[in-house]
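Structural description and commentary
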Amino acid sequence: MKIAVLGTGYVGLSTGVCLSEIGHHVTCMDINEQKIQQLNQGISPIYEPGLEELLSLNMNAGRLNFTTSLSTGIAGAEIIIIAVGTPQADNGAADLTYLEQAAEDLAPYLVQGSIVVIKSTVPVGTNDRIKKLIESQTNFEIHMVSNPEFLRQGSAISDTLKADRIIIGSENKDAAEKVKAMYLPLNVPVILTSTKSAEMIKYASNAFLAMKISYINEIANLCEAFGADVEDVAKGMGMDKRIGEAFLKAGIGYGGSCFPKDVKALLHTASQIGLNFWLLKETIAINEFQRELLVKKAVKRFGDLQGLKIAMLGLAFKPETDDMREAPSIKLAEALSKLGADTIAYDPVATENAKKVIGETIKYANSIDKAISDADAVFIVTEWETVKQINLPDMLHKMKQPIIFDGRNCLSEENIKTCKKVEYYPVGKPAIIIV
Ligand code: UGA
């Protein structure tokens, strides 16, 4: 099939690349000329494992093109996918400015019966609104399909190629079947719904996962107070198929460009009909509390952080990405700086992005060694593989005080227990103190 994708962010680019990988002819469009130029050279503007390889492969095979020209991209396209950002507006709602702009820009190039797919995360009712907006300009009917995305940053390619399910919501059966056919080579279960249900499935899923994280984080706080181990508790819970083991990793809270924004947007949707979605409010409140957990623990341990050297290992909101949006490291850095700590952070890929958000309130090191040397404590913020595999005796030897606050429970307790002198404070588990 010939497919056009508008928007080359995480979702648009991963979708375009994966659709070309399964044999379609894909043209990705973006208004950002610099991005398109980069992509035309086979360079990915985002850090995403495996993406650049598939990008070059499919470009060389002649199945993947990039352009700033909508007329070139849309000409002859059987399916047009919109994957532009829907960031958070000041009132918590999803800001649909980019989407509306995209729809207006597309309208002149559409034909009677064009199939327009919205992949961006949009509140219930948006597909209907966009259909009206486009049709007010075209004077002929087009078909909308809601096809929400469930890929995660850092594993975007495998999440797309090996998705759990594909949701296709449309009021037009033929359009839905066409989109279903586009995904056929993936051999993934497809659920056909109304557009509104498809839109709701996306928010309900993300908010549920965020709630699951906040739930286990609150259980972690209980475990810590009563001497239980949250990892054993999560394992015991997760083996119950009704609960499931995924997204029960306790830590310093969820971040990123999706969960924080989507939970707030769903809350906003609920408020529009006067519904107080308490569960979502608590999910957010618990997450806010978790983000400063390591600072609270350090204050409890040291009393005063003034002048102490704290090494923050990891800055990105999760491993395998350079994305700093809503990263817990931002709040941590702010709190540490307010308390007068001398903070030095290391991240293998997110440092440049972090500098733009956190600024000069903390220092940045270009290696783990430089960050930890002479540190009074280490804060583990992102569970990068290099952090997980760290040589513990070597690290503790280089620190001024052998104190670790692990916000991701990612160090091996077995290894910790072999250390001569250490204070290890995980989340929701008993501390290990060897003096
Ligand atoms: C999330 C969803 O998982 C995707 O299904 C969805 O498509 C995407 O949002 C989106 O709406 O675009 P993503 O934000 O990339 O994906 O990352 P996740 O792997 O879900 O992690 C989100 C946050 O939750 C991270 O900060 C992570 O550290 C945290 N997390 C995750 C936990 O604290 N505990 C867990 O058990 C799992």
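Criteria and thresholds
- Residues numbered from 1 in each chain as written.
- Predicted model: local features only at pLDDT ≥ 70, side-chain atom pairs only at ≥ 80, totals over all residues.
- Heavy atoms only, no water.
- Axes fitted to C-alpha atoms, helices over the stretch in contact; angles between N-to-C directions.
- Helix = DSSP H or I, 4+ residues; strand = E, 2+ residues; numbered from the N terminus.
- Left-handed = near helix turned anticlockwise from the far one by under 90°.
- Contact = heavy atoms within 4.5 Å.
- Nonpolar A, V, L, I, M, F, W, Y, C, P; charged D, E, K, R; others polar.
- Core = buried A, V, L, I, M, F, W, Y, C linked by side-chain atoms within 4.5 Å.
- Buried < 20%, exposed > 50% of the residue type's maximum accessible area, 1.4 Å probe, protein only.
- Domains from an automatic or database assignment.
- Arc of directions from axis to C-beta.
- Pairing = 2+ DSSP bridges.
- Buried area = accessible area lost by both parts, 1.4 Å probe.
- Salt bridge = Lys/Arg side-chain N within 4 Å of Asp/Glu carboxyl O.
- Polar contact = N/O pair within 3.5 Å; in protein donor to acceptor, adjacent residues only side chain to side chain.

**Comments concerning the packing of helix 9 (residues 195-226) against helix 11 (residues 259-272)**
Here helix 9 crosses helix 11 at 115°, and the two axes come no closer than 9 Å. The way helix 9 lies across helix 11 gives a crossing that is left-handed. Packed against helix 9, whose contacting residues are Met200, Lys202, Tyr203, Asn206, Ala207, Leu209, Ala210 and Ile213, the element helix 11 presents Phe259, Asp262, Val263, Ala265 and Leu266 at the interface. In the contact of helix 9 with helix 11, the residues fall into 10 nonpolar, 1 polar and 2 charged.

**Structural notes on the nonpolar core**
Among the nonpolar cores identified, the biggest contains 68 residues, and Leu313, Leu315, Val378, Phe379, Ile404 and Phe405 are the most heavily contacted of them. A total of 5 residues in this core trace back to one element, the largest contributor, which is helix 13 (residues 293-302). There are two domains that each give this core at least three residues, and those are domain 2 (202-288) and domain 3 (292-434). In this structure, phenylalanine 405 is in contact with Leu294, Lys297, Ala298, Arg301, Phe302, Ala377, Val378, Phe379, Ile380 and Tyr425, ignoring residues within four places of it in sequence. Core analysis: the second largest hydrophobic core is formed by 36 residues, Ala102, Ala107, Ile118 and Leu280 among them.

**Focus on helix 3 (residues 51-60)**
Three or more residues of helix 3 are buried, namely Leu51, Leu54, Leu55, Asn58 and Met59. On an axial view of helix 3, the arc spanned by its buried residues comes to 130°, and they lie on one face. Helix 3 presents Glu53, Leu57 and Asn60 as exposed residues on the side facing more than 90 degrees away from its buried surface. Residues of helix 3 that are buried in the fold lie against helix 1 (10-21), helix 2 (33-40), strand 3 (64-67) and helix 7 (156-161). Positive phi shows up at glycine 62, right after helix 3, with a value of about 75°.

**A few points about the sheet that holds strand 3**
With respect to topology, 8 strands assemble into an open sheet ordered 3-2-1-4-5-6-7-8, the strand pairing being mixed. A strand with exactly one partner marks an edge of an open sheet, and here the two such strands are strand 3 and strand 8 (190-193). Across this sheet, the average inter-strand angle for adjacent strands is 25°, counted without regard to direction. As judged from the 3 bridges shared by strand 4 (residues 79-82) and strand 5 (residues 115-118), these two strands associate in the parallel manner. By the bridge assignment, isoleucine 80 is partnered in strand 5 with valine 116. Running at roughly 155° to strand 4, helix 5 (residues 97-106) makes contact with strand 1 (2-6), strand 4 and strand 5 of the sheet. Each of strand 1, strand 4, strand 5, strand 6 (143-146), strand 7 (166-170) and strand 8 is contacted by helix 8 (residues 173-183), which is oriented at about 160° to strand 7, the strand it contacts most.

**Overview of the domain arrangement of the protein chain**
One widely used convention gives an interface's size as the accessible area the parts lose upon coming together. When the domains of the protein chain are assigned, the result is domain 1 (2-193), domain 2 (202-288) and domain 3 (292-434). Contacts between the two partners involve 21 residues from domain 2, matched on the other side by 20 residues from domain 3. Summing both sides of the interface, domain 2 and domain 3 together bury roughly 1,600 Å²; the carbon and sulfur share of this comes to 49%. For the salt bridge of glutamate 231 with lysine 429, the shortest nitrogen-to-oxygen distance reads 3.0 Å.

**Side note on the side chain of lysine 297**
Among the structural elements, lysine 297 can be located in helix 13. Reaching out from lysine 297, the side chain makes a polar contact with the backbone oxygen of proline 426 at a distance of 2.6 Å. Dropping the residues within four chain positions of it, lysine 297 is found in contact with Glu224, Phe405, Pro426 and Val427.

**A look at the side chain of threonine 343**
Looking at the secondary structure, you find threonine 343 in strand 10 (residues 342-346). Since its relative accessible area comes to 2%, threonine 343 is described here as buried. For threonine 343, the contacting residues outside a window of four places in its chain are Ile310, Met312, Leu336, Ile362 and Lys363.

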